[in-house]
Amino acid sequence: MNICGLGISGSYLLRRLSDLGFQVKGYDPKRPGYYIPCGYATNENNMKEFCRQINVEFEDYIVSRAENVIISGDNFPEQTFRGSGLCTFDKNRFELDLVKGMNYSTERFTGNSELSLDCSGISRALLGKTIDDYTMNAIEYLSENSGHDNFYFNFYRNGTGYFWEFPMGDKYHVGAGGIDQNENMRRLEGFQKILVTGRRIRLKPLFENICLPNVIGIGESIGCVSPITGEGIVPSLRSAEIFVECARKSEDFSELSANYSSRIIKEFARYEGLHRMVLSMQSGRVLTFNNLKYAMTALNEIRDFGIDVKARSILLHFAGFS
Ligand SMILES: Cc1cc2nc3c(=O)[nH]c(=O)nc-3n(C[C@H](O)[C@H](O)[C@H](O)COP(=O)(O)OP(=O)(O)OC[C@H]3O[C@@H](n4cnc5c(N)ncnc54)[C@H](O)[C@@H]3O)c2cc1C
C-alpha cells in the first residue's frame, strides 16, 4: 500500500499501519526544514487518543496551552471562555518523529497499480481536481508580537473568514483565512514576521468521490476540515483511524472502499449542513431553516476544538441574528 503525502494523516497512517504489520510505503517531497503552513492549534484531549494508538506521548509536543480563549466577531464583542483542551503543539517535529525509521521516500508520488491512500491534503494529487471544490485563502506569520496574550479568534462578518492569534511558546502564530486575500492581508498589517507561510484551505466535504479504483482519500483531500473553525488536524486523524478500522476488517478493495466511504459520510455528515450555513451567511440569506438547525452544531465545532464556549451571542451569530 502507498501513502501519498506525509502530513498529519499520512505520517500517522505510515506509523499506525506499519505497527499493525501492513506493507506500506510513504511519499512526500517536502524539503528538509519546511515549515508547515498551519496554526498548530488542536485539542490535546482528542490528540491524546490518537497518540495512544501509536505509542506517542502527545504531552512531549505541546508548546502552549489555552487557559483562556477570546472570541470576537466583526458584529459581536469580545468574550472570554475557558480553554478545554485547546493548545498549540510542535507539528513539524511531531510529523517528522512519526515517520522516523519508517519506509518512505522524498519523491513526489503520482500513483501506480497498488492501493494508494491520497493523504495529499489540498493537492488531491491522486483524486484529482473537482469542480465542486470550495477553498479559502489563508496566510500566517510566525511573529514575535500579537494583539493578545491569550488564544484569540475574530470572525469576519457574514462567515467570510476569521483572524487568529495562537501563542507558540514565546512567539505567536498570527493568521487570517478568508475568501478575500486583500482582507486577510489587511488584518495582518503591523504584525512583525519571522516567517510567512500560507496556502488555500478546503472548507467543504467532497464526499461524492471519496474513492477511485485503487485510491482512497483521507483527510483534507476529501474535505475533512471543519467548515466553521478550519480545524483539520483532528478530523484528518479521525478519517485515518476510520480507514485503519475498515482495513483491518476487509482486504477486498470494493468492500473496504464501500465501508470506508459510508463510515466517513456518517461521521462527517454535519459538514454538509455547516458548509451550506456558511454559504447562506455569505450571501446575506440569514435565518434560514438550515442556519437555525446548524447553529448549535457550529457551536459544538468550537467546543470540539477545545473551547468551553457558552454564549448566546455566538450562537446568534451563526443563526444569522447578528
Ligand atoms: C494557514 C492554515 C492554518 C491552519 N490552522 C489549523 C489549526 O490551527 N488547527 C487545525 O486543526 N487545522 C488547521 N489547518 C488545517 C490543517 O492544517 C489541515 O486540514 C490538515 O493538516 C490536513 O491534513 P492532511 O493529512 O489531510 O494533509 P496535510 O497535512 O496538508 O499533508 C499533505 C501532504 O501531502 C504532500 N503532498 C502533496 N502532493 C504530494 C504528492 N504528489 N506526492 C507526495 N506527497 C504529496 C504535501 O507535501 C503535504 O506534506 C490550517 C490550514 C491552513 C492552510
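Residues numbered from 1 in each chain as written. Predicted model: local features only at pLDDT ≥ 70, side-chain atom pairs only at ≥ 80, totals over all residues. Heavy atoms only, no water.

J.: So, the overall build of the chain: which residues are in play, and what are the values?
T.: Helix and strand counts for the chain stand at 9 helices and 16 strands. On C-alpha atoms alone, the chain measures out to a radius of gyration of 19 Å, which is about the 20 Å that the 2.2 N^0.38 rule sets for 322 residues. Principal-axis analysis of the C-alpha atoms gives the chain an extent of 55 × 45 × 35 Å. The proportion of buried residues among the 322 residues of the chain is 58%. Looking at the chain alone, contacts between residues at least 24 apart form 70% of all its contacts between residues at least 6 apart. If you sum the accessible surface of the chain, you get close to 14,100 Å²; carbon and sulfur atoms cover 48% of it. A gap of 3 Å separates the mean positions of the 36 positive and 39 negative side-chain charges of the chain. (Helix = DSSP H or I, 4+ residues; strand = E, 2+ residues; numbered from the N terminus. Rg over C-alpha atoms; globule rule 2.2 N^0.38 Å. Buried < 20%, exposed > 50% of the residue type's maximum accessible area, 1.4 Å probe, protein only. Contact = heavy atoms within 4.5 Å. Areas by Shrake-Rupley, 256 points an atom, 1.4 Å probe, with all protein chains shown as cover. Lys, Arg positive; Asp, Glu negative; His and termini not counted. Charge placed at Lys NZ, Arg CZ, Asp CG, Glu CD.)

J.: Now, about the site of the ligand: what can you tell me, with residues and values included?
T.: The environment of the ligand is formed by 36 residues, the closest being Ser9, Asp28, Gly39, Ala41 and Glu220. Within the backbone of Gly39, a nitrogen or oxygen atom sits 2.8 Å from a nitrogen atom of the ligand. Phe109 places a polar main-chain atom, nitrogen or oxygen, 2.9 Å from a nitrogen atom of the ligand. In the complex, 92% of the free accessible area of the ligand, which totals 1,000 Å², lies under the protein chains. Breaking the shell around the ligand down by element, the ones donating at least two residues are helix H1 (8-19), strand S12 (161-168), strand S14 (195-202) and helix H5 (233-249). Residue composition of the shell around the ligand, grouped by class: 18 nonpolar, 11 polar and 7 charged. (Near = heavy atom within 4 Å. Polar contact = N/O pair within 3.5 Å; in protein donor to acceptor, adjacent residues only side chain to side chain. Nonpolar A, V, L, I, M, F, W, Y, C, P; charged D, E, K, R; others polar.)

J.: Tell me what's going on with the sheet that holds strand S2 (residues 25-27), and back it up with residues and numbers.
T.: Across the sheet, 6 strands lie side by side as S8-S2-S1-S9-S16-S15; this open sheet has mixed pairing. Sheet topology places strand S8 (104-105) and strand S15 (211-212) at the edges, where each strand pairs with a single neighbour. Relative to S8, S2 runs parallel, the two being bridged by 2 bridges. Counterpart to Tyr27 in the pairing with S8 is Ser105. (Pairing = 2+ DSSP bridges.)

J.: I'd love a proper account of the side chain of Thr88, names of residues and values included.
T.: In this fold, Thr88 is placed in strand S7 (residues 86-89). Aside from chain neighbours lying at most four places away, what touches Thr88 is Gly39, Tyr40, Ala41, Tyr61, Ile62, Val63, Ser64, Phe151, Phe166, Pro167 and Met168.

J.: Run through the sheet that holds strand S5 (residues 68-73), naming residues and quoting values.
T.: If you trace the 7 strands from one edge of the open sheet to the other, you get S6-S5-S11-S12-S13-S10-S14, paired in mixed fashion. The open sheet has two free edges, formed respectively by strand S6 (76-82) and S14, since each of these has just one partner strand. Within this sheet the neighbouring strands show an average axis-to-axis angle of 15°, counted without direction. (Axes fitted to C-alpha atoms, helices over the stretch in contact; angles between N-to-C directions.)

J.: Give me the lowdown on the packing of helix H7 (residues 270-282) against helix H8 (residues 289-304), citing residues and values where you can.
T.: The N-to-C vectors of H7 and H8 enclose an angle of 110°; their axes lie 9 Å apart at closest approach. Here H7 is positioned roughly perpendicular relative to H8, judged by the angle of their axes. Of the two possible hands of crossing, H7 and H8 adopt the one that is left-handed. When H7 is examined against H8, the residues Arg270, Tyr271, Gly273, Leu274, Arg276, Met277, Ser280 and Met281 are found in contact with a partner set consisting of Asn290, Asn291, Tyr294, Ala295, Thr297, Ala298 and Glu301. Here the contact of H7 with H8 is built from residues that sort into 7 nonpolar, 5 polar and 3 charged. (Parallel < 35°, antiparallel > 145°, perpendicular 65-115°, else oblique. Left-handed = near helix turned anticlockwise from the far one by under 90°.)

J.: Tell me about the environment of Ile307, and please be specific about residues and values.
T.: Tracing the sequence through the fold places Ile307 in the loop between H8 and helix H9 (312-319). With a relative accessible area of 1%, Ile307 lands in the buried category. When the C-alpha positions of Ile307 and Ser84 are compared, they lie 5.1 Å apart, and in sequence the two are 223 residues distant.

J.: Tell me about helix H6 (residues 253-267), residues and numbers included.
T.: Counted at 1.5 Å a residue, the expected span for H6 with its 15 residues is 21 Å, and the 21 Å between its end C-alpha atoms agrees. When H6 is considered as a whole, its buried residues turn out to be Leu256, Ser257, Tyr260, Ser261 and Ile264. Looking straight down H6, one finds its buried side chains confined to an arc of 125°; they lie on one side. Opposite the buried face of H6, at more than 90 degrees from it, the exposed residues are Ser254 and Lys266. (Expected span 1.5 Å × (residues − 1). Arc of directions from axis to C-beta.)

J.: Before we move on, could you go through the packing of aromatic side chains and cite the residues and values that matter?
T.: Scanning the entire structure with this criterion turns up 19 aromatic pairs. Where Phe153 meets Phe305, the ring centres are 6.2 Å apart and the plane angle is 65°; that geometry is what we call edge-to-face. Note that Phe153 is positioned in strand S11 (residues 151-155) and Phe305 in the loop between H8 and H9, a separation of 152 residues in sequence. The burial state of Phe153 is the same as that of Phe305; both residues are buried. With 6.0 Å between their ring centres and 80° between their planes, Phe243 and Tyr260 make a pair best called edge-to-face. Of the two residues, Phe243 sits in helix H5 while Tyr260 sits in helix H6, which places them 17 residues apart along the sequence. With relative accessibility at 0%, the residue Phe243 sits in the buried group. (Phe/Tyr/Trp six-rings, centres within 6.5 Å; stacked < 30°, edge-to-face > 60°.)

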